[in-house]
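Residue-level structure breakdown
These are the residues of each chain, in order.
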Amino acid sequence: MPSEAAQEATPTTSEVTLRVLRYTPGKDEEPHFEEYAVPVDPMDRVLDALHYVKWHIDGSLGFRRSCAHGICGSDAMLINGRNRLACKVLIRELPSVINVEPIKGLPIHKDLIVDMDGFFASYKRVMPFLVNEQVPTDKERLQSPADREKFDDTTKCILCAACTTSCPIFWPDNSYIGPAAIVNAHRFIFDSRDTAAADRLEVLNGATGVWKCRTTFNCTNACPRDIDVTTAIQQVKRELIFNRI
Ligand code: SF4
Ligand code: F3S
Ligand code: FES
């Protein structure tokens, strides 16, 4: 016989109203909300509710997802006004009416699917890979724990774009390289084994780089990996001011 605690934990199905911003270019004149009544269990996530709509109500609903466990970064969306990963938000944390919209500032392909080309173009500009032109030896390149610690936080990025698309500077001005690209530049600029920091800093010192940031902190608040994005941006600015310009 299950314990009292186990009985209390037994999920009970309830219903939420999912309001999803729908848009199909060429078919719809403009984005509009459509509402769906979705049966949910307490441990369901917003992603489960979206799956329910797609599989049982309207198969034409468009959204991205892959891992369903907060790793791939493909299902960032605006959930009740906050950029979050749909696979990490429990329905029970939300009110019974849930608004789901695409992340802001990028063109909508369809419904919750946005065009990520510009986002990844900015990412590529900062050379997000280790560069070291010294002749390799037969030993690994050693790094002290203190040096490794300098960029530990920024290694956690999953490129979900929640930070960049929550930035009010980015919304009207896609030329801003954005916090996600800066985080990924930081990851290599402060890596003692890398030799291309100056090239990345030159990109970030340009008109579309870090100086567009107005320290709004939306990016830090949006990051599902709890990366201190604004601090990383500040460290890049300080590196430019005190060491590189
Ligand atoms: Fe997503 Fe955080 Fe990386 Fe920005 S820094 S892309 S919010 S994981
Ligand atoms: Fe934007 Fe983050 Fe700077 S929200 S203004 S990049 S601190
Ligand atoms: Fe992969 Fe949510 S589906 S992070």
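First, a word on what this report is: a plain description of the structure on this page.

Rules behind the numbers
- Position numbers for residues start from 1 in each chain and track the written sequence from start to end.
- All chains are assigned letters beginning with A, and all ligands numbers beginning with 1, in the order in which they are written.
- Under the rules for a predicted model, residues below a pLDDT of 70 receive no local features and side-chain atom pairs below 80 are neither given nor counted, while totals for whole chains, interfaces and linings still include all residues.
- The basis for the side-chain values is all heavy atoms of the structure; hydrogens and waters are excluded.
- Exposure categories follow from relative accessible area, calculated using a 1.4 Å probe and restricted to protein chains: below 20% of the type maximum is buried, above 50% is exposed, and the middle band is partly exposed.
- Secondary structure elements follow DSSP: runs of H or I of four or more residues count as helices, runs of E of two or more count as strands, with numbering from the N terminus.
- Here, strands pair whenever DSSP counts at least two bridges between them.
- Only heavy atoms are used to decide nearness, and a residue is near a molecule or strand if one of them lies within 4 Å of it.
- Side-chain classes follow a simple rule in which Ala, Val, Leu, Ile, Met, Phe, Trp, Tyr, Cys and Pro form the nonpolar group, Asp, Glu, Lys and Arg form the charged group, and the remainder, Gly included, forms the polar group.

A word on the pairing of strand β4 (residues 82–85). What you see with β4 is a clean split: N83 and L85 sit on the buried side and R82 and R84 on the side with no burial. Both strand β3 (residues 76–79) and β4 contribute to a ladder of 4 bridges, which runs antiparallel. From the neighbouring strand, M77 faces β4, where its bridge partner is R84. In textbook terms, the turn of a hairpin is the stretch between consecutive antiparallel strands, and for β3 and β4 this stretch comprises 2 residues, one of which, N80, has a positive phi near 45°.

A few words on the site of ligand 1. Around ligand 1, a shell composed of 13 residues is seen, among which C157, C160, A161, C163 and C223 lie nearest. Looking at side-chain class alone, the shell around ligand 1 contains 12 nonpolar, no polar and 1 charged residues.

Moving on, we get to unusual backbone geometry. For A68, which is not a glycine, the phi torsion comes out positive at approximately 65°. Take A68: it is sitting in the loop between α2 (46–57) and β3. For A68, a relative accessible area of 18% translates into the label buried. Positive phi is not limited to glycine here, since L159 has a value of about 55°. Looking at the element boundaries, L159 is found in the loop between α4 (145–149) and α5 (179–189). Residue classification places L159 among the buried residues on the basis of a relative accessible area of 18%.

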